[in-house]
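# Fold and contact review
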Amino acid sequence: MSLFATMDVAGMSLDAQSTRLNTIASNLANANVVKSSEAEVYRARYPVFAAAMSAVRGEGGGVRVERILQSELPALREFVPGHPLADDEGYIYRPDINQVDEMANMMAASRSYQNSIQAMETTKQLALRTLTLGR
Amino acid sequence: MSFTDRIFDGSSQALNLRAQRTQLLATNIANADTPGFKARDMDFGAAMRREMGALASDVRRTDGRHLALSSLRHGAAAAQYRQPLQPRADGNTVDLQREQVAFMDNAIRYQASLSFLDSRIKSVRNALRGE
């Protein structure tokens, strides 16, 4: 029955969006982690979504996380000689993560999550009503 | 046209198509953030006409064990790409508000088809009981 396939589609969307929320949480949590060299600095992670197509022509598929990209932005270098993690020249390194961007991304992700839950809820009601057909 | 097809007069076909459309629209909503995704929808009227045409033009069966042609033609309706209102720079053409409206509209119409089917079943039941 297509209604169960619809539940799967909404479920895949929840998976993808929760992965996205997870990466955002990780980016925000590590935004202020200071390191003493460029190589050790945390790189922001972003999931790349791809449509998962159904084998049946004309049917919808779903969505999946194709891969998780790491930010290519160079770390921010600050001159703080007194810092315990400062390198020999007195620099510390922190990731270049824009917290406002991350928050906006988080809001978009949670809206998408809610949309999928709503689609699932509606589908559930339709399926339940179909079960009581002819009672 | 078989007996049950005559009683239910396309309601079951309508339900099937509605369920298919629900899945298409759910896919659009799920892919609202997928780069390059093209939103798809079906022309419900055309799909329904095709189904009903398939019902009406069923071949004559000379043996009770033959399969009805309409039961074989039961394929997925062709999905078409939606004309985007505001396509995004990454090639995604899902307009979330339109998809939400279409999804809700589709759900209500599914329930309407269910109600029709339900009342048909009730009338057949009453007729059988002969009260």
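Conventions we followed
Every chain is numbered on its own, with residues counted from 1 as its sequence reads. Naming scheme: in the order in which they are written, chains are lettered from A and ligands are numbered from 1. In keeping with the model being predicted, local features are shown solely for residues with a pLDDT of at least 70 and side-chain atom pairs are shown and tallied solely at 80 or more, while totals for entire chains, interfaces and linings include all residues. Hydrogens are left out, water is left out, and the side-chain values use all remaining heavy atoms of the structure. Confidence of the predictor at the level of single residues is given by pLDDT, which spans 0 to 100. The helix and strand labels rest on DSSP assignments: H or I over at least four residues marks a helix, E over at least two residues marks a strand, and numbering proceeds from the N terminus. Two rings from Phe, Tyr or Trp (for Trp, the six-membered ring) form a pair when their centres are within 6.5 Å of each other. A pair whose planes differ by under 30 degrees is stacked, one over 60 is edge-to-face, and the rest are tilted. The rule is short: NZ of Lys or CZ of Arg within 6 Å of the ring centre and within 35 degrees of the ring normal puts a charge over the ring. The term salt bridge refers to a pairing of a side-chain nitrogen on Lys or Arg with a carboxyl oxygen on Asp or Glu at a separation within 4 Å. Accessible area is worked out with a 1.4 Å probe on protein chains only. A residue is then buried under 20% of its type maximum, exposed over 50%, and partly exposed in between. Contacts are assigned to residue pairs with any non-hydrogen atoms lying within 4.5 Å of each other.

## Remarks on the confidence of the model for chain A
Detail in the predicted coordinates should be disregarded across regions flagged by low pLDDT. Averaged over every residue, the pLDDT of chain A is 89; the share at 70 or more is 94%. Within chain A, no element has a lower average pLDDT than strand 2 (residues 62-70) of chain A, which sits at 90, and none a higher one than helix 2 (residues 99-131) of chain A, at 93.

## Looking at the packing of aromatic side chains
Aromatic rings considered in pairs are described by the distance between their centres and by the relative angle of their planes. Counted according to the given criterion, the structure contains one aromatic pair over all chains. The ring of Tyr91(A) has Arg77(A) sitting right over it, with the charged end atom 3.8 Å from the ring centre. Lying across the ring of Phe44(B), Arg18(B) places its NZ or CZ 3.5 Å from the centre.

## A few points about the pattern of salt bridges
If you walk through the whole model with that rule in mind, you get 12 salt bridges over all chains. A salt bridge links Arg67(A) to Glu66(A); its shortest N-O distance comes to 3.0 Å. Taking relative accessible area as the criterion, Arg67(A) reaches 44% and is therefore assigned partly exposed. Taking the relative accessible area as the measure of exposure, Glu66(A) reaches 41% and is therefore partly exposed. Among the ionic pairs, Arg82(B) bridges to Glu99(B), the shortest N-O distance being 2.7 Å. Here Arg82(B), found in the loop between strand 2 (79-81) and helix 5 (96-129), pairs with Glu99(B), found in helix 5; they are 17 residues apart in sequence, far enough to count as distant.

## A short note on the side chain of Asn115(A)
One can find Asn115(A) in helix 2. Excluding residues that lie within four positions of it along the chain, Asn115(A) makes contacts with Ile29(B), Leu96(B) and Gln100(B).

## Overview of the confidence of the model for chain B
All names here are of chain B. Of all residues in chain B, 86% attain a pLDDT of 70 or more, and the chain-wide mean is 83. Within chain B, the lowest mean pLDDT, 58, falls on helix 4 (residues 69-72), and the highest, 91, falls on helix 5. Overall fold confidence (pTM) sits at 0.81, and the ipTM for the predicted complex is 0.81.

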